[in-house]
Amino acid sequence: MNQSPTLIEQGISRKHLKAVSCANVLTLAYQSLGVIYGDLSTSPLYVYKTTFSGKLSLHEDDEEIFGVFSFIFWTFTFIALFKYVFIVLSADDNGEGGTFALYSLLCRYAKLSVLPNHQEMDEKLSTYATGSPGETRQSAAVKSFFEKHPKSQKGLLIFVLLGTCMAIGDSVLTPTISVLSAVSGVKLKIPELHENYVVIISCIILVAIFSVQRFGTHRVAFIFAPISTAWLLSISSIGVYNTIKWNPHIVSALSPVYMYKFLRNTGLEGWVSLGGVVLSITGVETMFADLGHFSSLSIKVAFSFFVYPCLILAYMGEAAFLSKHHEDIQRSFYKAIPEPVFWPVFIIATFAAVIGSQAVISATFSIISQCCALDCFPRVKIIHTSSKIHGQIYIPEVNWMLMCLCLAVTIGLRDTNMIGHAYGLAVTSVMLVTTCLMSLVMTIVWKQRTITVLAFLICFGSIELLYFSSCVYKIPEGGWIPILLSLTFMAVMYIWNYGTTKKHEFDVENKVSIDRIVALGPSIGMVRVPGIGLVYTNLVTGVPAVFGHFVTNLPAFHRILVFVCVKSVQVPYIGEEERFVISRVGPKEYGMFRSVVRYGYRDVPREMYDFESRLVSAIVEFVETEPGTEEGCNNLRMRKEETMEIMEAKEAGVAYILGQSYAKAKQSSSVLKKLAVNVVFAFMSTNCRGTDVVLNVPHTSLLEVGMVYYV
């Protein structure tokens, strides 16, 4: 069954895949193996090695090994299967998943939008639906709390940014630990190979991974699913073989009693080692984050019936092998591979590590794109790598930044155990953020009872807090890396959001009222010349100060004047038919219009997008359908005359007027604020993508007006 181009362009999932055939579900489930589960399926490379590092390595008897496997099994079952597959995947935002999807749902239902130019008409979008208007006592109480305490809304944004920054930190650590763990297996066959050569080979692979990103995943994605399938079948088959050969009694470790025995016997050392166990569920957040590329049902089918049993069998077999080979605890994965299939599995493992890296890198591109749309990250170059599949993008600046960070971690640490400690802290932090946001979604969006929400929060939150506390203990041993990365990214995001918010407040305070413009008469106090003038602004009402600044110095303007506001809305996508909102500014003879151009947080304007023609077409359509005061033929004639006037103005030329704003802190500001605004924000503003480049404005038609605003 071939999918229509429209379906592909809108994204594979969304509401169009809620009723699909069994064949489509199975096809999508198979494809998801190569995109979503690369990170999760490579965890067996390093879980046992990291868990039995440090002092716990002194307790390598069967009971400890049985206890660790029991922890892995129940953690995998409770967090990955019950929490994410059965519950979290249902909290989609028009088919989109991830931290921003949960935040978007909360913003719409509880009216927590931090976007400054929100309008009531945005709530009429087809993707903005907020369900039934009925409120429960609990949801009303939570909404009331956010309304009475505006700072709590800012706090929620910072909390979401924390999870987002930890996810970005995850994208630095995943390629590093996956590739380094896969390559280190070669030392078993070539013992004399120095560690430096393993690091060099890993760095070469990492450079290759990031170098091919510009070609787009769609060019090599067709081999991802077969490789991931071969990898999962290989490790599960080896797991069954090792279980039967070395210790069939490992099956008894499925009993949760062994978890209690493990903690009782190992005490503090066992608790600390749980930071390694949590690595078994790295990548579960990717299932939710990549929901937009597939359907919820296909992801559930792939995980429940294939990925979950394959990985459980792999961990079981490795535990069975370890129970008879205590001395191989730090090389357990490759030592457990039967000799005849070692090299084929080694090659597949290397490719699987590449696929796992690709998944988190692509997810980071999407996260940064969403942050840019919500004014939480400086503008960067976003390139579409596929003309057919929506959402496949490439961000050069972010790509090379991630590559440098990955190489720095690989060369600086060299030890997968230390990288694993850092990895665990990043993973548990993101999961805790998701749990807290899900509790709010269950209260505000799903209208669940308090007892249900508390049960979810206590059940999964307590498990994740246990692992989080264990990872915090490892901060001196590598856990500081994701903290440093996340704090750096958070500082960048918060300062950029603060600066852009203050800029909008300045524009609102200094805007010119429409009445003042209308009072100047049809010529609005200027010489009107042929052509169309597009004045870009962040305002959805009033006339921007940049326009008044412009006409003060150059009292002439085009016959057709359009105030253009390009803004983001708290929905993932907006259809082309709802993209433009056209209105008239003043009487008809003034020739002034306002165009609000709306994008969702997952929409990425294409660089070759013919914006100028689409805008003029939208204005013409508005003129032709606008209710008139005249009747009959006279009204029709006036519409045709105005339409012809607009088309002639377009032929005469289109000019773009942009405000080039510079932020400065007030003299009375603190030293910290001056540093943030005058140095950091100014540096980012100077070096980020210019507004003219983002909006694809022709340089030959561009006029920039400089302004300074104080915050």
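To start, this report covers the structure provided alongside it. Keep in mind it's a predicted model, so treat the numbers as computed, not measured.

Below, the discussion takes up the overall build of the protein chain. For the protein chain, the helix and strand inventory stands at 26 helices and eight strands. For the protein chain, whose C-alpha radius of gyration is 28 Å, the value lies close to the compact-globule estimate of 27 Å for 711 residues. In terms of overall dimensions, the protein chain has C-alpha extents of about 95 × 60 × 50 Å along its principal axes. The burial tally for the protein chain puts 56% of its 711 residues in the buried class. Pairs at least 24 apart in sequence give 84% of the contacts found in the protein chain among residues at least 6 apart. Put simply, the protein chain shows about 29300 Å² of open surface, and 63% of that area lies on carbon and sulfur atoms. For the protein chain, the separation between the mean place of its 56 positive charges and that of its 54 negative charges on side chains is 3 Å.

As a further point, take the packing of helix H8 (residues 150-184) against helix H16 (residues 342-373). The interhelical angle for the contact between H8 and H16, taken along N-to-C directions, is 165 degrees, at an axis separation of 9 Å. Between H8 and H16, the interaxial angle falls into the category roughly antiparallel. In the packing of H8 onto H16, the handedness of the crossing is left-handed. Counting all contacts with H8, which are made through Thr 164, Ala 167, Ile 168, Ser 171, Thr 174, Pro 175, Ser 178, Val 179, Ala 182 and Val 183, the residues of H16 involved are Phe 346, Ala 349, Thr 350, Ala 353, Gly 356, Ser 357, Val 360, Thr 364, Ile 367, Ile 368 and Cys 371. Here the residues of the contact of H8 with H16 sort into 13 nonpolar, eight polar and no charged.

Here the focus is the packing of aromatic side chains. This structure, assessed with the given rule, holds 31 aromatic pairs. Geometrically, the ring pair formed by Phe 66 and Tyr 258 is tilted, given 5.6 Å between the ring centres and 50 degrees between the ring planes. Of this pair, Phe 66 sits in helix H5 (residues 62-85) while Tyr 258 sits in helix H11 (residues 257-266), and the two are 192 residues apart along the sequence. Look at Phe 66 and you get buried, because its relative accessible area is 8%. Relative accessible area serves as the criterion here: at 19%, Tyr 258 is assigned to the buried category.

Before going further, it helps to spend a moment on the sheet that holds strand S8 (residues 702-710). Read across the sheet, six strands follow the order S5-S6-S4-S3-S7-S8 without closing on themselves; strand pairing throughout is mixed. Here the strands that pair on one side only, and so sit at the sheet edges, are strand S5 (580-584) and S8. Along the sheet, successive strands turn relative to each other by an average axial angle of 25 degrees, direction set aside. Where strand S4 (residues 556-569) meets strand S6 (residues 592-600), nine bridges bridge the pair, whose relative direction is parallel. Looking across to S6, one finds that Lys 567 is bridged to Arg 598. Here helix H20 (residues 480-509) sits on the sheet and contacts strand S7 (654-664) and S8; the angle it forms with S8, its principal contact strand, is near 100 degrees. Taken strand by strand, helix H22 (residues 545-553) contacts strand S3 (527-536), S4, S7 and S8, and its axis lies near 115 degrees from that of S8.

What follows covers the pairing of S3. With seven of its ten residues buried, S3 lies for the most part within the structure. Taken together, the four bridges between S3 and S7 define a ladder with parallel strand orientation. Across the sheet, residue Val 535 finds its bridge partner in S7, namely Ile 657.

On to the state of the cysteines. On inspection of all chains with the given rule, the structure shows zero disulfides. This cysteine, Cys 310, is not joined by any disulfide, and Cys 22 carries the nearest cysteine sulfur, 19 Å off.

On to the environment of Lys 324. By the secondary structure assignment, Lys 324 is in the loop between helix H14 (296-322) and helix H15 (332-335). Using a relative accessible area of 45% as the deciding quantity, one classes Lys 324 as partly exposed. For the pair Lys 324 and Asp 62, spaced 262 residues apart in sequence, the C-alpha separation works out to 8.2 Å. Once you skip the residues sitting within four places of it in the chain, Lys 324 turns out to touch Trp 246 and Asn 247.

Formed by 154 residues in total, the largest nonpolar core has its most connected members in Tyr 37, Tyr 48, Trp 231, Met 287, Phe 303 and Tyr 334. If sequence neighbours within four positions are ignored, Tyr 37 has contacts with Ser 32, Met 287, Ile 299, Ala 302, Phe 303 and Val 307. If you look at the next biggest cluster of nonpolar residues, it comprises 32 residues, including Phe 547, Phe 563, Phe 681 and Met 707.

With that settled, consider unusual backbone geometry. Backbone geometry at Asp 375 places phi at a positive 60 degrees, although glycine is not the residue there. Mapping Asp 375 onto the fold places it in the loop between H16 and strand S1 (383-384). In this structure, Arg 414 is a non-glycine residue whose phi angle is positive, near 65 degrees. As for its position among the elements, Arg 414 is in the loop between helix H17 (396-413) and helix H18 (416-444).

Applying the stated criterion to the full structure yields 14 salt bridges. Of the charged contacts in the structure, one is a salt bridge between Glu 339 and Lys 189, with a shortest N-O distance of 2.4 Å. You can see Glu 339 sitting in the loop between H15 and H16 and its partner Lys 189 sitting in the loop between H8 and helix H9 (195-211), a full 150 residues away along the chain. If you follow the salt bridges from partner to partner, you end up with Asp 122, Lys 567 and Arg 598 in one network.

Helix length check: H16, at 32 residues, gives a terminal C-alpha distance of 47 Å against a target of 46 Å (1.5 Å per residue), a fit within 8%. Of all 32 residues making up H16, 25 are buried, and the element is well covered by its neighbours. Once H16 finishes, Asp 375 follows within two positions and takes phi at roughly 60 degrees, a positive value.

Looking now at the environment of Arg 214. Residue placement: Arg 214 occurs in the loop between H9 and helix H10 (224-246). On the accessibility criterion, Arg 214 (51% relative accessible area) is exposed. Each C-alpha atom of the pair Arg 214 and Ala 352 lies 20 Å from the other, and the pair is 138 residues apart in sequence. Residues in contact with Arg 214, not counting those within four places in the same chain, are Thr 385 and Tyr 394.

Moving on, we get to a nonpolar patch on the surface. On the surface, Tyr 197, Ile 200 and Ile 204 cluster together to form a nonpolar patch covering roughly 330 Å² of accessible area. By secondary structure assignment, the location of Ile 204 is in helix H9. Residue classification places Ile 204 among the exposed positions, given a relative accessible area of 56%.

In this section: helix H2 (residues 22-32). Among the residues making up H2, those that are buried are Asn 24, Val 25, Leu 28, Ala 29 and Ser 32. The buried residues of H2 occupy an angular sector of 135 degrees when projected down its axis, which confines them to one face. Each element contacted by the buried residues of H2 is listed here: H14.

Criteria and thresholds
Residues numbered from 1 in each chain as written. Predicted model: local features only at pLDDT ≥ 70, side-chain atom pairs only at ≥ 80, totals over all residues. Heavy atoms only, no water. Helix = DSSP H or I, 4+ residues; strand = E, 2+ residues; numbered from the N terminus. Rg over C-alpha atoms; globule rule 2.2 N^0.38 Å. Buried < 20%, exposed > 50% of the residue type's maximum accessible area, 1.4 Å probe, protein only. Contact = heavy atoms within 4.5 Å. Areas by Shrake-Rupley, 256 points an atom, 1.4 Å probe, with all protein chains shown as cover. Lys, Arg positive; Asp, Glu negative; His and termini not counted. Charge placed at Lys NZ, Arg CZ, Asp CG, Glu CD. Axes fitted to C-alpha atoms, helices over the stretch in contact; angles between N-to-C directions. Parallel < 35°, antiparallel > 145°, perpendicular 65-115°, else oblique. Left-handed = near helix turned anticlockwise from the far one by under 90°. Nonpolar A, V, L, I, M, F, W, Y, C, P; charged D, E, K, R; others polar. Phe/Tyr/Trp six-rings, centres within 6.5 Å; stacked < 30°, edge-to-face > 60°. Pairing = 2+ DSSP bridges. Disulfide = S-S within 2.5 Å. Core = buried A, V, L, I, M, F, W, Y, C linked by side-chain atoms within 4.5 Å. Salt bridge = Lys/Arg side-chain N within 4 Å of Asp/Glu carboxyl O. Expected span 1.5 Å × (residues − 1). Patch = residues over 30% accessible without salt bridge, like charges linked within 9 Å, V, L, I, M, F, W, Y side chains within 5 Å. Arc of directions from axis to C-beta.

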